[in-house]
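# Chains, contacts and geometry: an overview
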Amino acid sequence: MSTTAPTSGTLHGVVDLDVAGATISRHLYGHFAEHLGRCIYEGFWVGEDSPIQNTSGVRDDVVQALKDISIPNLRWPGGCFADEYHWENGVGPREDRPSMVNTHWGDVVEDNSFGTHEFMRLCELLGAEPYVSGNVGSGTVQEMSDWVEYLTRSGDAPMSRLRREHGRTEPWKVPFWGVGNEAWGCGGNMTAEQYAQLASQFSTYARNHDGNELYRIAAGPNRDDYHWTETLMKSISTLGGPVEERHHQRWQALSFHYYTHASDDWQHKGSATEFDAGEYHATMVNAWRIDEIVRGHSRVMDAYDPDATIGLVCDEWGTWWDVEPGTNPGFLFQQNTLRDALVAGLHFDVFHANARRLVMANIAQTVNVLQAMVLTDGARMVLTPTYHVFAMNAGHQDATSHPVHVVAGDARYEGEAGEYRTLTTSVSSREGSALVSVTNLDVERGGTVRLDLRGRDWTVAAATLLAAPSLQEHNTVENPTAVAPVPFDGARREGDTLVVELPAHSFATVQLTLG
Ligand code: AHR
């Protein structure tokens, strides 16, 4: 596709390809699957007897789609659900597992047919690292401690014996462990001070067994609650001794959540597909807040931990719209348009720029819930525009970031909704190649990004564009490729400058060969 839109917005940046920034952890491209609506059941899990093609009960099409974007980790079982989940009810013969009421999400009865063994098998099939969220809100220290032992310990310990009785001899490796979820809200309605104590207590007994080293992630603040972050950081810094040794005793990272809406009215978040320019601008103003929020938490953490030994994790992010008409309000099923893809493009540029402190991010959620990668309809599956951003950006995973120093530009929106920059970009490299991502948020105007790439020789190898005639465009089972990546001829070299000319509301990646 070539660019015909009149170019008006511009961004001019300087990038030193010979100066290494932080490594962009692959875990910034992480995922989240909760027992919520049709995410686990129907989305991932159909059971061994399903006519839908599956391996060990997990649908093959969804697994393949996620492997194709190199899914690095999967967070489970929640979310709010994690704090009412009792893992013992989800192991052993399925017919004997007790059921429970999923009070947060639709008040439906959960039969626990998808439990620990099924999740770990799913991760094996995906080639993704498990991120298990333990129950602090309604669970006990002993219960969490036992779950860790069940998962990760070999030998003749009580929990390893139980695991063997349930058919799994070898322990699994579990790198990531969540110490509760949203303790300020659905996870117990606690104050920061209350939670800081509990986080310390629960983390202490979430032990490392047999060489499995847990990276414990404390439930951090909502959005820009910097007091919460400061309280947690203080609770670590009062332990005494060098910080590297201290944080190994408790938790190793803290998480925060940030969702993008078109309005601050929780009852009217806006339609996923039917929105006007005003709602679009409000969405982008809100989406840009991720930048200030990541930097804000990082600043607080820097004051207590200047060497960034404690990680910041954004383990829930994405758009949250009103549910699709006619669907269960508790199931959070929403369509996904080009607008969602642009929100994702912007978030990743922010994540890359903050990769020194930000070590993991998990989109909410992977299948059939909120800003999903894939939507299923019976045996059929659709890749969303957001999926394509993850695919096009996959080359940033574990690459070296190169900060973009913005020196000039007039790409801005100013209006009733507020103001925001309409062009955003990020650059990374590995061995002999570099990847440049560019997002043009402008509703009507094209945009030109000019990057002076210094320190290495380079040539444009290939470029890909994600665009559509309208922002409302989305993929359905009837038309699954309404928004899909295409080869792009809008990137060229002019002297030492990479020039990328984007159509209105579009996302592009440019691959460079480095000399
Ligand atoms: O992702 C949906 C919900 O949003 C999660 O369960 C909760 O943690 C957050 O409030």
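Residues numbered from 1 in each chain as written. Predicted model: local features only at pLDDT ≥ 70, side-chain atom pairs only at ≥ 80, totals over all residues. Heavy atoms only, no water.

## Notes on the domain arrangement of the chain
- Segmentation of the chain into domains returns domain 1 (26–397) and domain 2 (405–514).
- Across the boundary between the two partners, domain 1 contributes 33 residues, which contact 40 residues of domain 2.
- Both sides together, the interface formed by domain 1 and domain 2 hides about 3,000 Å², and carbon and sulfur atoms give 66% of it.
- Together, Trp288, Leu338 and Met392 form the three largest contributors to the area buried by domain 1 at its contact with domain 2, with a combined 24%.
- Linking domain 1 with domain 2 are 0 salt bridges, by the criterion used here.
- The interface formed by domain 1 and domain 2 includes 20 residue pairs in polar contact (both at pLDDT 80 or more).
- Those elements that provide at least two residues to the side of domain 1 that touches domain 2 are helix H8 (277–304), helix H9 (338–353), strand S15 (380–383) and helix H10 (385–392).
- Looking at which element gives the most residues to the side of domain 1 that touches domain 2, the answer is H9, with 8 residues.
- For the side of domain 1 that touches domain 2, a count of residues per class yields 15 nonpolar, 14 polar and 4 charged. (Domains from an automatic or database assignment. Contact = heavy atoms within 4.5 Å. Buried area = accessible area lost by both parts, 1.4 Å probe. Salt bridge = Lys/Arg side-chain N within 4 Å of Asp/Glu carboxyl O. Polar contact = N/O pair within 3.5 Å; in protein donor to acceptor, adjacent residues only side chain to side chain. Helix = DSSP H or I, 4+ residues; strand = E, 2+ residues; numbered from the N terminus. Nonpolar A, V, L, I, M, F, W, Y, C, P; charged D, E, K, R; others polar.)

## Structural notes on the confidence of the model for the chain
- With 97% of its residues at a pLDDT of 70 or more, the chain shows a mean pLDDT of 95.
- Here residues 1–6 scores under 50 on pLDDT; set against residues more than four positions off or in separate chains, the count is 16 contacts. (pLDDT = per-residue confidence, 0-100.)

## Digging into the sheet that holds strand S21 (residues 433–440)
- The antiparallel open sheet is built from 6 strands, whose spatial order is S16-S20-S21-S27-S23-S24. Looking along the sheet, the strands with just one partner apiece sit at the ends: strand S16 (400–402) and strand S24 (486–487).
- Relative to strand S27 (residues 506–514), S21 runs antiparallel, the two being bridged by 8 bridges. Note on S27: the bridge partner recorded for Thr439 is Phe507.
- Contacts between H10 and the sheet are confined to S21, strand S23 (458–466) and S27, with S23 contributing the most and set at about 170° to the helix. (Pairing = 2+ DSSP bridges. Axes fitted to C-alpha atoms, helices over the stretch in contact; angles between N-to-C directions.)

## A word on the nonpolar core
- Core analysis: the largest hydrophobic core is formed by 113 residues, its most contacted members being Phe44, Leu74, Trp177, Tyr195, Phe256 and Trp317.
- Take this core: its biggest share by element is 9 residues, from H9.
- Both domains that furnish three or more residues to this core are identified here as domain 1 (26–397) and domain 2 (405–514).
- Once you skip the residues sitting within four places of it in the chain, Trp177 turns out to touch Tyr131, Val132, Gly134, Met144, Trp147, Val148, Leu151, Ala206, Leu214, Tyr215, Arg216 and Ile217.
- Core analysis: the next-biggest nonpolar cluster, separate from the first, contains 25 residues, Val449, Leu451, Leu465 and Ala508 among them. (Core = buried A, V, L, I, M, F, W, Y, C linked by side-chain atoms within 4.5 Å. Buried < 20%, exposed > 50% of the residue type's maximum accessible area, 1.4 Å probe, protein only.)

## Digging into the pairing of strand S5 (residues 73–76)
- Alternating positions in S5 separate into two faces, Asn73 and Arg75 on one and Leu74 and Trp76 on the other, with burial throughout.
- Direction of pairing for strand S2 (residues 30–32) relative to S5: parallel, over a ladder of 2 bridges. Directly across from His31, in S5, lies its bridge partner Leu74.
- Relative to strand S8 (residues 129–134), S5 runs parallel, the two being bridged by 4 bridges. Across the sheet, the residue bridging to Arg75 is Tyr131, located in S8.

## Section: the sheet that holds strand S12 (residues 311–319)
- Around the barrel, which closes on itself, the 8 strands sit in the order S2-S5-S8-S9-S10-S11-S12-S13 with parallel pairing between neighbours. Here the strands of the sheet are splayed against their neighbours by 30° on average, with no regard to which way each runs.
- Bridging between S2 and strand S13 (residues 358–364) involves 3 bridges; their strand directions are parallel. Opposite Phe32, over in S13, you have Ala364 as the bridge partner.

## Some details on the state of the cysteines
- In this structure the tally under the stated criterion is 1 disulfide.
- With a sulfur-sulfur separation of 2.2 Å, Cys80 is cross-linked through a disulfide to Cys186. Negative torsions about the S-S bond denote left-handed disulfides, and the value of about -90° found for Cys80 with Cys186 makes this one left-handed. Pair noted here: Cys80 is in the loop between S5 and strand S6 (100–102) and Cys186 is in the loop between strand S9 (176–179) and helix H5 (192–205), with a separation of 106 residues, a long-range link.
- The class of Cys80 is buried, set by a relative accessible area of 11%.
- A disulfide-free cysteine, Cys39 has its sulfur positioned 12 Å from the sulfur of Cys123, the nearest such atom.
- With relative accessibility at 0%, the residue Cys39 sits in the buried group. (Disulfide = S-S within 2.5 Å.)

## Here's the deal with the packing of H9 against H10
- H10 packs onto H9 with a crossing angle of 30° between their chain directions and a minimal axis gap of 7 Å. With respect to H10, the element H9 is oriented roughly parallel. Seen along the crossing, H9 lies across H10 with a hand that is right-handed. Contact residues: Leu338, Asp340, Ala341, Ala344, Gly345 and Phe348 in H9; Pro385, Thr386, Val389 and Phe390 in H10. (Parallel < 35°, antiparallel > 145°, perpendicular 65-115°, else oblique. Left-handed = near helix turned anticlockwise from the far one by under 90°.)

## Topic: the pattern of salt bridges
- Inspection of every chain in the model, using the stated rule, returns 28 salt bridges.
- Here Arg75 and Asp315 are joined by a salt bridge, their closest N and O atoms 3.6 Å apart. Linking Arg75 in strand S5 with Asp315 in strand S12, this pair joins segments that are 240 residues apart in sequence. Here Arg75 and Asp315 have matching classes, each one buried.
- Residue Asp302 pairs with Arg357 through a salt bridge whose shortest N-O separation is 2.8 Å.

## Overview of unusual backbone geometry
- The omega torsion of the bond from Trp76 to Pro77 falls at 5°, within 30 degrees of zero and hence cis.
- For Pro77, the location among the structural elements is in the loop between S5 and S6.
- For the bond from Ala364 to Gln365, the omega torsion is -10°, close enough to zero to count as cis.
- As for its placement among the helices and strands, Gln365 is situated in the loop between S13 and strand S14 (374–377).
- One non-glycine residue, Arg223, adopts positive backbone phi at about 45°.
- Within the fold, Arg223 resides in the loop between strand S10 (215–218) and helix H6 (226–237).
- Positive phi is not limited to glycine here, since Glu431 has a value of about 35°.
- Relative to the elements of secondary structure, Glu431 occurs in the loop between strand S20 (423–430) and S21.
- A relative accessible area of 74% places Glu431 in the exposed class.

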